[in-house]
Amino acid sequence: MTDPSSSRDASAATPVNVAHALLATLAANGVTTCFANPGTSEMYVVAGLDDVRDVRAILCLFEGVATGAADGYARVTRNPAATLLHLGPGLANGWANLHNARRARVPLINIVGDHASAHAAFDAPLQSDIRSLASGLEGWIRSSTASDDVAADVADAVRAAYGPPGQIATLIVPADVSWNQLSTPPTTWPVATRPSPVAPDERALGRAIDAMKTKRTALLVGGAALDAEQLNLADAIAVATSSKFLVETFPAIMERGVGVAAPERLIYVPEFAIAQLQDLDALVVLGARDPVSFFAYPNVPSALRAPACELIDLGAPGIDTLAALTVLADAFGVTSVAALHDDVPDVPTGELTTASLAAALAATLPEGCVVSDESNTSGVHFYGAARFAPRHSWMTLTGGAIGVGLPLALGAAVGSGQRVLALESDGSMMYTLQALWTMARESLDVTVVGLSNRSYAVLNFERQRVGSIPEPSVGQRLLDIDDPTIDMCALASAQGVPSVRVTTSEDLADALRRSYATPGPMFIEAVLPKRMA
Ligand SMILES: Cc1ncc(C[n+]2csc(CCOP(=O)(O)OP(=O)(O)O)c2C)c(N)n1
Ligand SMILES: [Mg+2]
């Protein structure tokens, strides 16, 4: 539902075409950033950008960059950005990062152009079933069919994207709908009202209080519960009740660093996660989900919580997590205290390893930085090291579809205006490396550390679980990316991003400091031992 009373002044020049109305309604709703890769069916929207200057359109050279950037924008601002995508193939190219965005529960609005309604019957080459592609995103979908309804359709899309929790709204706009004039140009554009978060489940809160008083309990936090205030409150509750304090493995965005409590991270490898959760009578879950193994393996349970451990879920995603923590804190008479930490350790010296990489990153991280972490195996020590770094935000791969790190960094830089550090492993970078071009074009303050281990290292780890590897191995050729060697610096330089290659911790620290002191993007290739060190 849209609240017509809160409509904003349209200042509509007459006549107004629908593409103009679409953009003006986005802007009236605060959706002022559009990550775009347009085609012919979206050309009226492209033309409308010259009328509606409040919408900043940013060209992305692949749709997976546009969708991942909209995700990054939403993670740091908590507001939706729009994407502009070209029919079914454009949406399909952007789909994997929309999947990651769905798992991050961010608000996001896809504007997908379609053929003019009468053209559909001719089954022209780009005709496809856009709806079925969008339906896999499990959000909101509408095809605009009437030109005079498009402004309301956009406001409904914004309302749907808000959730809570945030979700993906896809508005399909046929070309003829967007090129028509409005029959009556309105004086205001409709503005969606943002709903409040849902109140937590009182019965579950009562059960949580009982369990934390009397049983061996862990508190697992995630989702919207990961800002400094809530983490410190949750930590105080955990300390007061001798509960274990855990965070989900792949948070959408989490505050970290000095003054922020650092819960133990649930480990990706299921056997280790099961060990972290063993000997518990109850698991209290806030903003996260009942933990499951990322993959199934023979003789390994999918559910990580032991059957005897009671699940106490404080509410569905979209609940008011701070309200829930406040109830628990009141019950135990605790208040939030800024976590104390040791000083940041010095930069190590010598050849880079995963351990010295993490230490060098933490020692140089600027305050207020946003980290986009697609470091995969090379980043195993970063979570631990970063608790000593200045206060920052940390974003991870929520949906397991690699190729999100650079787009997330791009969107976060646009949304936050802060320095962004992207930790990008070599295999993942090759999916969406066009994000570098947009970083250069928009002069964004992004420092990219390309993690060169010349391997799909995590898959080499998974391969070892399957059994011994014959010599020579045909399958092994699918897991190594060292032949030919990828010149990561050249890929960055070719797209207008200055680059440097480093092999030692001290050179990495120097390059990072230089980049943080220099406006615009920079690419640092960090050469690591092959596979894991
Ligand atoms: C969209 C998608 N395709 C394929 C995979 C399977 N996959 C998981 S990790 C990985 C390679 C990761 O290599 P890299 O990014 O270099 O990280 P490393 O394991 O070396 O640390 C692949 C191909 C995936 N998760 N998502
Ligand atoms: Mg790799």
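Report on the accompanying structure.

## Regarding the layout of surface pockets
As a volume, the second largest pocket reaches approximately 1,100 Å³. In terms of lining, the second largest pocket is formed by 39 residues, of which the most central are F250, Y268, N376, T377 and V458. Listing elements by their share of the lining of the second largest pocket, those giving two or more residues are β15 (370-374), α14 (382-386), α16 (426-429) and α18 (457-466). In terms of residue count, the dominant contributor to the lining of the second largest pocket is α18 (5 residues).

## Re the coordination of the magnesium ion (ligand 2)
Six octahedral donors around a metal ideally subtend angles of 90 or 180 degrees, whereas four tetrahedral donors ideally subtend 109.5 degrees. Donor atoms from the polypeptide that coordinate the magnesium ion (ligand 2) comprise D426 (OD), N453 (OD1) and S455 (O), at 2.1 Å from the metal. Given the relative accessible area of 4%, D426 is considered buried.

## Things to note about the packing of aromatic side chains
Inspection of the entire model under this criterion finds 7 aromatic pairs. Centre to centre, the rings of Y44 and W179 are 6.0 Å apart; their planes meet at 55 degrees, and the pair counts as tilted. Taken together, the residues span a long stretch of sequence, with Y44 in helix α2 (residues 43-48) and W179 in helix α8 (residues 175-179) at a distance of 135 residues. In this structure Y44 comes out as partly exposed when scored by relative accessible area, which is 38%. On the basis of relative accessibility, which here comes to 39%, the residue W179 falls in the partly exposed class. In textbook terms, an aromatic cluster arises when at least three aromatic residues are bridged by ring pairs, as seen for F250, Y268, F294 and F295. Note that R256 overlies the ring of Y383, its terminal NZ or CZ placed 3.7 Å from the centroid.

## Regarding the packing of helix α3 (residues 63-77) against helix α5 (residues 95-104)
Packed helices, taken two at a time, are described by the angle between their axes plus the distance between the axes. Running from N to C, α3 and α5 cross one another at 20 degrees; their axes reach a closest spacing of 8 Å. Comparing the axis directions of α3 and α5 gives the class roughly parallel. Crossing of α3 over α5 shows left-handed handedness. Two secondary-structure elements touch here, α3 through G64, T67, G68, D71 and R75 and α5 through N97, L98, N100, A101 and A104.

## Focus: helix α11 (residues 270-277)
Of all the residues in α11, the buried ones are P270, A273, Q276 and L277. Axial view of α11: buried residues confined to an arc of 115 degrees, hence all on one face. At its buried positions, α11 is contacted by β10 (244-247), β12 (264-265), β13 (282-286) and α18. In the segment just after α11, D279 is the residue with positive phi, at about 65 degrees.

## Description of α5
When α5 is considered as a whole, its buried residues turn out to be N97, L98, H99, N100, A101 and A104. Taken together, the buried residues of α5 touch α3, α4 (87-93), β5 (108-114), β7 (168-174) and α15 (405-416). Positioned one or two residues after α5, R105 has a phi angle of 55 degrees, which is positive.

## Brief notes about empty space enclosed by the protein
According to the stated counting rule, one finds 2 cavities of 30 Å³ or more in the structure shown. As a volume, the largest cavity reaches approximately 50 Å³. Surrounding the largest cavity, L22, L23, L26, C34, V45, L49, A57, L84 and I111 form its lining. Top element by residues in the lining of the largest cavity is helix α1 (residues 18-28). It accounts for 3 residues. Grouping the amino acids of the lining of the largest cavity by side-chain chemistry returns 9 nonpolar, no polar and no charged. Considering only enclosed or pocket space, the second largest cavity measures out at about 30 Å³ in volume. Around the second largest cavity, the lining residues are S41, E42, V45, L84, I111, G113, V173 and S178. By residue class, the composition of the lining of the second largest cavity is 4 nonpolar, 3 polar and 1 charged.

Thresholds, definitions, all that
Residues numbered from 1 in each chain as written. Chains lettered and ligands numbered in written order. Predicted model: local features only at pLDDT ≥ 70, side-chain atom pairs only at ≥ 80, totals over all residues. Heavy atoms only, no water. 1 Å grid on protein atoms, 1.4 Å probe; cavity = no way out; pocket = protein on both sides within 12 Å on 5 of 7 lines; lining within 4 Å. Points joined across faces, edges and corners; volume = space filled by probe spheres on them. Helix = DSSP H or I, 4+ residues; strand = E, 2+ residues; numbered from the N terminus. Donors = N, O, S within 2.8 Å, 3.2 Å for Na, K, Ca; no water. Buried < 20%, exposed > 50% of the residue type's maximum accessible area, 1.4 Å probe, protein only. Phe/Tyr/Trp six-rings, centres within 6.5 Å; stacked < 30°, edge-to-face > 60°. Lys NZ or Arg CZ within 6 Å of the ring centre and 35° of its normal. Axes fitted to C-alpha atoms, helices over the stretch in contact; angles between N-to-C directions. Parallel < 35°, antiparallel > 145°, perpendicular 65-115°, else oblique. Left-handed = near helix turned anticlockwise from the far one by under 90°. Contact = heavy atoms within 4.5 Å. Arc of directions from axis to C-beta. Nonpolar A, V, L, I, M, F, W, Y, C, P; charged D, E, K, R; others polar.

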